[in-house]
Amino acid sequence: MNQQLIDALNKQLANWNVLYTKLHHYHWYVKGPEFFTLHEKFEEYYNEAADYIDEIAERILTIQGKPLATLKEYMEVATIEEAIGKESANEMVDQIAKDFQKIVDDSKEIIEAAEDLLDQPTSDLFIGIKTSLEQHIWMLNAFNAK
């Protein structure tokens, strides 16, 4: 067991849980001409987040760690912030792209740490997450014409 890797995984778990709630918030409160597009997209993202939450927690357990499992713990560890509640549709898209980028950046560190420990399953999990999020970031930025 490598506590540094487990701590990094728990940070990801916390970030995904905060993002899961944020995505629900955006799903419920998005308004404007892009409502139907974004309402559906945000639901797609929070369903994906739910899968990652489960996979990360189970990976932590598999490598003999203890996943965080309370909202209090998530908020203490997470580096992603909750929704403000007054974001426009474009601000929501921009914020999700930034949050996804933060997870991508943290994933790179996890991939390196896991590979140093010859923990290929953890590395593979985060390569997959990183790959998916990089595509999402590209699409979100294209939506906002960046």
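Section: the overall build of the chain
In step 1: Helix and strand content of the chain: 5 helices and 0 strands.
In step 2: Taken from N to C terminus, the helices and strands of the chain fall in the order α-α-α-α-α.
In step 3: Relative to the 2.2 N^0.38 estimate, which gives 15 Å for 146 residues, the radius of gyration of the chain is 15 Å and therefore close to what a compact globule would have.
In step 4: Based on the C-alpha atoms only, the size of the chain along its principal axes is roughly 50 × 30 × 20 Å.
In step 5: Counting every position in the chain, which comprises 146 residues, the buried fraction comes to 45%.
In step 6: For the chain, restricting intrachain contacts to residue pairs at least 6 apart in sequence, the fraction spanning at least 24 positions comes to 80%.

Focus: unusual backbone geometry
With the exception of glycine, most residues fall at negative phi, and the peptide bonds are largely trans.
In step 1: At Gln-64, a residue that is not glycine, the phi angle is positive and equals roughly 70°.
In step 2: Tracing the backbone through its elements, the reader meets Gln-64 in the loop between α2 (35-62) and α3 (71-77).
In step 3: Even without being a glycine, Leu-118 presents a positive backbone phi close to 60°.
In step 4: Tracing the sequence through the fold places Leu-118 in the loop between α4 (89-116) and α5 (120-143).

Some points on the packing of helix α1 (residues 3-29) against α4
For any two helices packed against each other, one specifies the crossing angle of their axes together with the interaxial distance.
In step 1: Across the interface, α1 lies against α4 with an axial gap of 11 Å and an inter-helix angle of 165°. Viewed along their axes, α1 and α4 adopt a mutual orientation that is roughly antiparallel. For the crossing formed where α1 meets α4, the hand is left-handed. Every residue of α4 that contacts α1 at Leu-5, Ala-8, Leu-9, Lys-11, Gln-12, Asn-15, Trp-16, Leu-19, Lys-22, Leu-23, Tyr-26 and Tyr-29 is listed here: Met-92, Gln-95, Ile-96, Asp-99, Phe-100, Ile-103, Asp-106, Ser-107, Ile-110, Ala-113 and Ala-114.
In step 2: Among the residues forming the contact of α1 with α4, the class breakdown is 15 nonpolar, 4 polar and 4 charged.

Description of the side chain of Glu-87
In step 1: By the secondary structure assignment, Glu-87 is in the loop between α3 and α4.
In step 2: Buried charge Glu-87 goes without a salt bridge, the closest partner of opposite sign being Lys-22 at 6.1 Å.
In step 3: At 3.1 Å, the side chain of Glu-87 forms a polar contact with the side chain of Tyr-26.
In step 4: At a separation of 2.9 Å, a polar atom in the side chain of Glu-87 contacts the main-chain amide nitrogen of Gly-85.
In step 5: Ignoring any residue separated from it by four or fewer positions in sequence, one finds Glu-87 in contact with His-25, Tyr-26 and Met-92.

Some words on the packing of aromatic side chains
In step 1: Inspection of every chain in the model, using the stated rule, returns 6 aromatic pairs.
In step 2: Where Tyr-20 meets Tyr-46, the ring centres are 6.1 Å apart and the plane angle is 85°; that geometry is what we call edge-to-face. Here Tyr-20, found in helix α1, pairs with Tyr-46, found in helix α2; they are 26 residues apart in sequence, far enough to count as distant.
In step 3: Given a relative accessible area of 10%, Tyr-46 falls into the buried group.
In step 4: For the pair Tyr-26 and Phe-42, a centre-to-centre distance of 5.9 Å together with 50° between the ring planes defines the contact as tilted. Placement of Tyr-26 in helix α1 and of Phe-42 in helix α2 is noted, with a sequence separation of 16 residues between them. No difference in accessibility class separates Tyr-26 from Phe-42, as the two residues are buried.
In step 5: Joined through ring pairs, the aromatic side chains of Trp-16, Tyr-45, Tyr-52 and Phe-100 make up one cluster.

What counts as what
- Sequence order sets the numbering: in each chain, residues are counted from 1 along the sequence as written.
- With the structure being a predicted model, the display of local features is reserved for residues of pLDDT at least 70 and the display and counting of side-chain atom pairs for 80 or more, all residues being used for whole-chain, interface and lining totals.
- For the side-chain quantities, the full set of heavy atoms in the structure was used; hydrogens and water were omitted.
- Put simply, DSSP H or I for four residues or longer makes a helix, DSSP E for two residues or longer makes a strand, and each gets a number counted from the N terminus.
- C-alpha atoms define the radius of gyration, and 2.2 Å times the number of residues to the power 0.38 defines the globule rule.
- For every residue, the accessible area (1.4 Å probe, protein chains only) is compared with the maximum for its type, and the residue is labelled buried under 20%, exposed over 50%, or partly exposed between those bounds.
- Residue contacts follow a heavy-atom distance rule, with two residues in contact if any of their heavy atoms lie within 4.5 Å.
- Angular values range over 0 to 180 degrees, each being the angle between N-to-C directions of two axes fitted as lines to C-alpha atoms, with helices fitted over their stretch in contact.
- Under this scheme an angle from 65 to 115 degrees is roughly perpendicular, one under 35 degrees roughly parallel, and one over 145 degrees roughly antiparallel; angles in between are oblique.
- Helix crossings get a hand from a simple test, with the near helix turned counterclockwise from the far one by less than a right angle marking a left-handed crossing and a clockwise turn marking a right-handed one.
- Ten residues, namely Ala, Val, Leu, Ile, Met, Phe, Trp, Tyr, Cys and Pro, are considered nonpolar, four, namely Asp, Glu, Lys and Arg, are considered charged, and the remaining ones, Gly among them, are considered polar.
- All tallies of charge rest on Lys and Arg as positive and Asp and Glu as negative; His and the ends of each chain are not included.
- Throughout this description, the term salt bridge denotes a Lys or Arg side-chain nitrogen within 4 Å of a carboxyl oxygen of Asp or Glu.
- Here a polar contact means two N or O atoms within 3.5 Å. Within protein one must be a hydrogen donor candidate and the other an acceptor candidate, and residues neighboring in sequence count only if both atoms are side-chain atoms.
- Only Phe, Tyr and Trp rings take part, Trp by its six-membered ring, and two of them pair if their centres are within 6.5 Å. Stacked means planes under 30 degrees apart, edge-to-face means over 60, and tilted covers everything else.

Just distances and angles here, no functional claims.
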